[in-house]
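# Architecture and fold: a report
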Amino acid sequence: MDLLLKLAGPDMRAVDGLIREHMDSPVPVIPALADHLIAGSAKRLRPLLTIAAARLCGARDDACLKLAAAVEFIHTATLLHDDVVDSSQLRRGRVAAHLIWGAPASVLVGDFLFARAFELMVGAGSMPALEILARASRVISEGEVLQLTRSHDLDLTQDVYIEIIKAKTAELFAAAAEAGAVSADASPERCRAMRKFGQDLGLAFQLIDDALDYSGDADTLGKNPGDDFREGKVTLPLLLAMQRTAGSERDFWVRTVDRREQQEGDLDHARELMRETGALDETLALAGRYADTAKAAIGGDYGSNSWRPALQDLADFAVMRRA
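Description of the structure in this document.

Rules used throughout
- Residues numbered from 1 in each chain as written.
- Predicted model: local features only at pLDDT ≥ 70, side-chain atom pairs only at ≥ 80, totals over all residues.
- Heavy atoms only, no water.
- Core = buried A, V, L, I, M, F, W, Y, C linked by side-chain atoms within 4.5 Å.
- Buried < 20%, exposed > 50% of the residue type's maximum accessible area, 1.4 Å probe, protein only.
- Helix = DSSP H or I, 4+ residues; strand = E, 2+ residues; numbered from the N terminus.
- Disulfide = S-S within 2.5 Å.
- Salt bridge = Lys/Arg side-chain N within 4 Å of Asp/Glu carboxyl O.
- Phe/Tyr/Trp six-rings, centres within 6.5 Å; stacked < 30°, edge-to-face > 60°.
- Lys NZ or Arg CZ within 6 Å of the ring centre and 35° of its normal.
- Axes fitted to C-alpha atoms, helices over the stretch in contact; angles between N-to-C directions.
- Parallel < 35°, antiparallel > 145°, perpendicular 65-115°, else oblique.
- Left-handed = near helix turned anticlockwise from the far one by under 90°.
- Contact = heavy atoms within 4.5 Å.
- 1 Å grid on protein atoms, 1.4 Å probe; cavity = no way out; pocket = protein on both sides within 12 Å on 5 of 7 lines; lining within 4 Å.
- Points joined across faces, edges and corners; volume = space filled by probe spheres on them.
- Nonpolar A, V, L, I, M, F, W, Y, C, P; charged D, E, K, R; others polar.
- Patch = residues over 30% accessible without salt bridge, like charges linked within 9 Å, V, L, I, M, F, W, Y side chains within 5 Å.
- Areas by Shrake-Rupley, 256 points an atom, 1.4 Å probe, with all protein chains shown as cover.

## Re the nonpolar core
Core analysis: the biggest nonpolar cluster contains 115 residues, and Met194, Phe197 and Trp253 have the highest contact counts within it. Counting residues per element, this core draws most heavily on helix H8 (residues 158–183), at 14 residues.

## Overview of the side chain of His36
Inspection of the secondary structure assignment puts His36 in helix H2 (residues 29–38). For His36, a relative accessible area of 15% translates into the label buried.

## What to know about the state of the cysteines
Counting across every chain of the model gives 0 disulfides. The thiol sulfur of Cys57 is not disulfide-bonded, and the nearest other cysteine sulfur, from Cys191, lies at 6.5 Å. Judged by relative accessible area, Cys57 falls into the buried class, the value being 15%. Unpaired in this structure, Cys64 has its nearest cysteine sulfur neighbour in Cys57, at a distance of 11 Å.

## Looking at the pattern of salt bridges
Following the criterion strictly, the structure yields 22 salt bridges and no others. Across the pair Glu72 and Arg44 runs a salt bridge whose closest N-O atoms are separated by 3.5 Å. Placement of Glu72 in helix H4 (residues 63–86) and of Arg44 in the loop between H2 and helix H3 (45–56) is noted, with a sequence separation of 28 residues between them. The exposure classification of Glu72 matches that of Arg44, with both residues buried. For Glu142, the salt bridge goes to Arg138, with nearest N and O atoms at 3.2 Å. Of this pair, Glu142 and Arg138 both sit in helix H7 (residues 127–149), separated by 4 residues, roughly a single helical turn. One network of salt bridges, with partners in common, ties together Arg135, Glu171, Glu178 and Arg195.

## Here's the deal with the packing of aromatic side chains
In total, this model carries 2 aromatic pairs according to the counting rule given. Taken together, a centroid distance of 5.0 Å and an interplanar angle of 65 degrees make the contact between Phe252 and Trp253 edge-to-face. For the pair Phe252 and Trp253, one class covers both residues: buried. One cation-aromatic arrangement involves Arg46 over Phe205; the distance from NZ or CZ to the ring centre is 5.8 Å.

## Some remarks on the packing of H3 against helix H16 (residues 307–320)
Where H3 meets H16, the axes come as close as 9 Å, and the angle between the chain directions of the two elements is 150 degrees. The angle between H3 and H16 places the two elements in the roughly antiparallel class. Judged by the sense of rotation from one axis to the other, the crossing of H3 with H16 is left-handed. For the pair H3 and H16, the contacting residues are Leu45, Leu49, Ile51, Ala52, Arg55 and Leu56 in the first and Trp307, Arg308, Leu311, Leu314 and Phe317 in the second.

## Section: the layout of surface pockets
Its boundaries defined by the atoms lining it, the second largest pocket holds a volume of some 360 Å³. What lines the second largest pocket is a set of 17 residues, among which Asp82, Val85, Asp86, Glu144 and Leu148 lie closest to the centre. Counting residues per element, the ones that place at least two in the lining of the second largest pocket are H4 and H7. Looking at the lining of the second largest pocket, the element that brings in the most residues is H7, giving 6 residues. Tallied by class, residues from the lining of the second largest pocket come to 5 nonpolar, 6 polar and 6 charged.

## Focus on unusual backbone geometry
When glycine is set aside, most residues are seen to have a negative phi, and most peptide bonds are trans. Phi at Asp185 takes a positive value of approximately 60 degrees, unusual for a residue other than glycine. Relative to the helices and strands, Asp185 is located in the loop between H8 and helix H9 (188–215). With relative accessibility at 72%, the residue Asp185 sits in the exposed group. Even without being a glycine, Arg260 presents a positive backbone phi close to 55 degrees. Taking relative accessible area as the criterion, Arg260 reaches 43% and is therefore assigned partly exposed.

## A few points about a nonpolar patch on the surface
Nonpolar side chains collect at one region of the surface, where Val95, Leu99 and Ile100 lie side by side and expose about 250 Å² of accessible area between them. Look at Leu99 and you get partly exposed, because its relative accessible area is 44%.

## Some points on H2
Of all the residues in H2, the buried ones are Ile30, Leu33, Ala34, His36, Leu37 and Ile38. Each element contacted by the buried residues of H2 is listed here: helix H1 (2–23), H4, strand E1 (90–91), strand E2 (94–95), helix H5 (97–101) and helix H6 (103–124).

## Some thoughts on empty space enclosed by the protein
It is the rolling of a water-molecule-sized probe over the atoms that shows where space remains empty. For the structure shown, the criterion picks out 2 cavities of 30 Å³ or more. Within this model, the largest cavity holds a volume of roughly 50 Å³. Forming the boundary of the largest cavity are Gln147, Arg150, Ser151, Leu156, Tyr161, Ile164, Lys233 and Val234. Residues belonging to the lining of the largest cavity are distributed by class as follows: 4 nonpolar, 2 polar and 2 charged.

The quantities given are spatial measurements derived from coordinates; they are silent on function.
Spelled out as structure tokens, the structure:
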């Protein structure tokens with residue numbers, strides 16, 4: 001990601017300034033709690049995507065900066081809410097905010113960040129971009145609720161799972177890229193291409209996250225490995241392993257995933273079944289295919305600049321993350 005970070009450096013410093021400015025509040029717990037989570041985000045991939053999409057599509061002004069900051073606030077707000085719902089212990093390598101300030105404060109600060117995001121969107125002065133990011137906020141919420149209602153579901157299909165992660169993760173990647181293109185007054189075709197790039201990048205990113213939850217460590221993930229298993233979340237590696245051992249291991253999956261009656265050694269056994277059935281390898285392979293289609297989406301003529309290869313490197317980065 002070196003090229004992308006170098007190209008976007010000046011813009012991202014300006015975005016960081018906007019983020020700091022709009023985290024401010026006369027209520028002390030709000031900036032303290034928000035900073036606890038936002039300061040742990042080193043790369044800020046989603047706002048970085050907004051900047052890169054805008055510049056690739058020819059933007060010369062700073063219209064994309066407020067949209068990029070809004071994207072980061074939307075993302076951070078969803079993380080605060082998710083950690084409360086999931087009772088997560090770690091986030092970005094830090095103790096989850098709700099364990100320090102409590103669940104009510106975390107939820108309410110998440111609401112504050114959503115409000116700040118919409119103020120930034122309005123300030124950007126682009127109704128199409130506002131519509132894109134507002135829709136994304138709705139779709140993300142729908143994805144989270146769908147995942148919640150299908151947790152512990154041993155009969156979840158791969159198609160439904162992809163629908164879930166397309167909504168809860170890939171939608172914000174897609175909206176971030178599309179909003180950047182819109183802010184550059186790009187053609188409808190270019191905006192669709194950037195949306196496709198963002199969506200498939202987001203799918204690849206989430207699939208790798210799902211695999212790393214069973215093969216990574218806390219330092220790599222910034223959260224405790226095995227959290228998805230402990231919470232009974234049916235992600236693709238788990239789904240594939242369950243499908244391929246439905247007869248011999250049915251009782252194990254019912255106990256650990258459906259009833260969540262887990263014992264010491266269960267996570268290791270689940271990991272072993274994933275390796276034996278090829279579930280982890282297939283998840284990684286699917287992520288790689290999404291990264292390839294993301295890169296293909298921006299295969300047109302964007303002139304002689306470095307932003308396209310930098311974005312294609314980002315797609316490669318998404319699937320190269322390994323424990």
